[in-house]
Amino acid sequence: MTRKFILAEDIEDDGYNCYIPSENVKVFGYLLDLDEYEIYVSKDYDIDDISPILNEYIEFLSGCKKEVLEYFEEKTGDKMPEEWFETIEVYNVAITFNSPEEFGATVVFGDGAFEDNIFELEFEKSEIVESRIGE
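Participant: Mind showing me how you'd approach the environment of Gly29 here?
Facilitator: Mapping Gly29 onto the fold places it in the loop between β3 (25-27) and β4 (30-32). Considered as a pair, Gly29 and Tyr45 are 16 residues apart in the sequence and their alpha carbons are 29 Å apart.

Participant: Looking at this model, I keep getting lost on the side chain of Glu122. Mind explaining?
Facilitator: By secondary structure assignment, the location of Glu122 is in strand β8 (residues 118-124). A distance of 2.9 Å separates polar atoms of two side chains, one belonging to Glu122 and the other to Thr106. Apart from residues lying up to four places away in sequence, Glu122 is in contact with Ala105, Thr106, Glu127, Ile128, Val129, Glu130 and Arg132.

Participant: Looking at this structure, how should I read the nonpolar core?
Facilitator: Most often, soluble globular proteins keep nonpolar side chains buried together rather than apart. Formed by 37 residues in total, the largest nonpolar core has its most connected members in Phe28, Tyr37, Leu61, Ile95, Phe109 and Phe123. If you list the elements that add at least two residues to this core, you get β3, β5 (37-42), α1 (47-62), α2 (65-76), β6 (89-99), β7 (102-110) and β8. Sorting elements by how many residues they give to this core places α1 first, with seven residues. Not counting the four nearest positions on each side in its chain, Leu61 is found in contact with Lys26, Val27, Phe28, Tyr37, Val93, Ile95, Ala105 and Phe123.

Participant: I would appreciate a short explanation of a negative patch on the surface in the present structure.
Facilitator: There is a patch of like negative charges on the surface, built from Glu9, Asp10, Glu12, Asp13 and Asp14. Inspection of the secondary structure puts Glu9 in the loop between β1 (5-7) and β2 (16-21).

Participant: How should I be thinking about unusual backbone geometry in this particular structure?
Facilitator: Glycine aside, a negative phi is what most residues show, and trans is what most peptide bonds show. Residue Phe28 is not a glycine yet carries a positive backbone phi of 55°. Following the sequence through the fold, Phe28 ends up in the loop between β3 and β4. A residue is classified by how much of its surface remains accessible, and Phe28, at 3% relative accessible area, is buried. Despite not being glycine, Lys125 shows a phi value in the positive range, around 55°. Residue position: Lys125 is located in the loop between β8 and β9 (127-134).

Participant: Help me understand α2 in this model?
Facilitator: Structurally, the α-helix is built with 3.6 residues per turn, so residues lying three or four positions apart point the same way. Compared with the 16 Å implied by 1.5 Å per residue over twelve residues, the 16 Å span of α2 between its first and last C-alpha is a close match. Those residues of α2 not exposed but buried are Val68, Leu69, Tyr71 and Phe72. Viewed end-on, α2 has its buried residues packed into an arc of 160°, placing them on one side of the element. The outward face of α2, more than 90 degrees from its buried face, is lined by the exposed residues Lys66 and Glu74. Contacts made by the buried residues of α2 are with β7, β8 and β9. Once α2 ends, the next one or two residues include Gly77, with phi positive near 75°.

Participant: Help me out: how do you make sense of α1 in this one?
Facilitator: A maximum bend of about 35° is found in α1 at Ile53. Where α1 is concerned, the buried positions are Ile47, Ile50, Ser51, Leu54, Asn55, Tyr57, Ile58, Phe60, Leu61 and Ser62. Its side-chain oxygen at 2.8 Å from the backbone nitrogen of Asp48, Asp46 defines the N-terminal cap of α1.

Cut-offs and rules
Residues numbered from 1 in each chain as written. Predicted model: local features only at pLDDT ≥ 70, side-chain atom pairs only at ≥ 80, totals over all residues. Heavy atoms only, no water. Helix = DSSP H or I, 4+ residues; strand = E, 2+ residues; numbered from the N terminus. Polar contact = N/O pair within 3.5 Å; in protein donor to acceptor, adjacent residues only side chain to side chain. Contact = heavy atoms within 4.5 Å. Core = buried A, V, L, I, M, F, W, Y, C linked by side-chain atoms within 4.5 Å. Buried < 20%, exposed > 50% of the residue type's maximum accessible area, 1.4 Å probe, protein only. Patch = residues over 30% accessible without salt bridge, like charges linked within 9 Å, V, L, I, M, F, W, Y side chains within 5 Å. Areas by Shrake-Rupley, 256 points an atom, 1.4 Å probe, with all protein chains shown as cover. Salt bridge = Lys/Arg side-chain N within 4 Å of Asp/Glu carboxyl O. Lys, Arg positive; Asp, Glu negative; His and termini not counted. Charge placed at Lys NZ, Arg CZ, Asp CG, Glu CD. Expected span 1.5 Å × (residues − 1). Arc of directions from axis to C-beta. Bend = angle between axes of the 7 residues up to and from the residue.

Encoded structure:
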């Protein structure tokens, strides 16, 4: 699926232009509103030139159930129930695109199993490299 991106002129960053998708997208299978999704693209790159990579990455984030389950199983030492992933509610996603070789995302979410916690997962490309838990 090819998505279009809209420049978010009200969000300023010295080294990046901020974009939002032109339509709602899913992350972890959860449909997000446009104001919950930000894409920061280095000013060295034109959005039209890198949009194929961004579209592919958005598709990855929409359904990376296996990667998320495996990450949490490794961290907790327990097998996560299959239905756990379905209880995730994503609050915010920020993709940072430095170059075609260097990009990642931060996904902030809650879930049904740990209701008082908010999780933040850091991705470098398709690998989860860090997680944080807040309340």
